[in-house]
Amino acid sequence: MFAEGPVKTPRAGKWVGDIVVTERMEIKETLSTFKRIVRVTEWTIDKEGQFLLVPDITLEGWWTALDLERLPSGMFATNDLVMTLGAFAHNILCFIGQTGLIAPFGPVRHSAKR
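Presented here is a report on the structure given in the accompanying data block. Everything numeric here is computed off the predicted structure, so don't read it as measured data.

**So, the sheet that holds strand S3 (residues 30-45)**
- Pairing within the open sheet is antiparallel, and its four strands lie in the order S1-S2-S3-S4. Because the sheet does not close on itself, it has two edges, and the strands there are strand S1 (7-11) and strand S4 (51-64). For this sheet, the mean inter-axis angle between neighbouring strands, taken without regard to orientation, is 20 degrees.

**Structural notes on the pairing of strand S2 (residues 14-27)**
- Here three bridges tie S1 to S2, and the two strands are oriented antiparallel to one another. When the bridges of S2 are listed, Val7 appears paired with Gly17.
- Between S1 and S2, which pair antiparallel and follow one another directly, the connecting turn spans two residues, one of which, Gly13, has a positive phi of 85 degrees.
- Of the pairings in the sheet, the one linking S2 to S3 comprises 14 bridges and is antiparallel in character. Each bridged residue has a counterpart across the sheet, and for Gly17 the counterpart in S3 is Val40.
- Where S2 folds back on S3, the antiparallel hairpin that results is connected by two residues, among which Lys28 adopts a positive phi of roughly 50 degrees.

**Brief notes about the pattern of salt bridges**
- Within this structure, the stated rule accounts for two salt bridges.
- With a shortest N-O distance of 2.8 Å, Arg39 and Asp18 are connected by a salt bridge. Here Arg39, found in strand S3, pairs with Asp18, found in strand S2; they are 21 residues apart in sequence, far enough to count as distant.
- Exposure remark for Asp18: the relative accessible area of 18% places this residue in the buried category.
- As a salt-bridge pair, Glu23 and Arg36 come within 2.7 Å of each other at their nearest N and O atoms. Residue Glu23 is located in strand S2, and its partner Arg36 is located in strand S3; the two are separated by 13 residues in the primary sequence.

**Brief notes about the side chain of Asp18**
- For Asp18, the side chain forms a polar contact with the side chain of Arg39, separated by 2.8 Å.
- Once you skip the residues sitting within four places of it in the chain, Asp18 turns out to touch Gly5, Pro6, Lys8, Val38 and Arg39.

**Some details on a nonpolar patch on the surface**
- Taken together, Phe88, Ile92, Leu93, Phe95 and Ile96 make up a surface patch of nonpolar side chains, about 560 Å² in accessible area.
- Mapped onto the fold, Ile92 is located in helix H1 (residues 76-102).
- Since its relative accessible area comes to 37%, Ile92 is described here as partly exposed.

**Considerations on unusual backbone geometry**
- Phi angles above zero are rare outside glycine, and Glu29 is one such case at about 65 degrees.
- Checked against the element boundaries, Glu29 lands in the loop between S2 and S3.
- With a relative accessible area of 74%, Glu29 lands in the exposed category.

Rules behind the numbers
- Residues numbered from 1 in each chain as written.
- Predicted model: local features only at pLDDT ≥ 70, side-chain atom pairs only at ≥ 80, totals over all residues.
- Heavy atoms only, no water.
- Pairing = 2+ DSSP bridges.
- Helix = DSSP H or I, 4+ residues; strand = E, 2+ residues; numbered from the N terminus.
- Axes fitted to C-alpha atoms, helices over the stretch in contact; angles between N-to-C directions.
- Salt bridge = Lys/Arg side-chain N within 4 Å of Asp/Glu carboxyl O.
- Buried < 20%, exposed > 50% of the residue type's maximum accessible area, 1.4 Å probe, protein only.
- Polar contact = N/O pair within 3.5 Å; in protein donor to acceptor, adjacent residues only side chain to side chain.
- Contact = heavy atoms within 4.5 Å.
- Patch = residues over 30% accessible without salt bridge, like charges linked within 9 Å, V, L, I, M, F, W, Y side chains within 5 Å.
- Areas by Shrake-Rupley, 256 points an atom, 1.4 Å probe, with all protein chains shown as cover.

This is the structure in structure tokens:
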């Protein structure tokens, strides 16, 4: 099923595998480190317990150069600034995602029908 990385089973019929690959690239004569994160999710049973004839597989991927797992300094003020900027960037991305849902070019919405 999943050849690499740890596999989690949050419930029956659902498997989630995460792989993190660290890559180094030279950009303008500077060596930079990036992480490629890939998540594969496979469902054989849906939320209501119905077995699926064909498994539903989702592949997600992200590139990141920001690593907030390790703080860069032994000084509290520097780490505080890095964490604040990371939270700010996260909030901006959430805002962009929410705005995209309600924008005129967002997903089609229908009024509720009874």
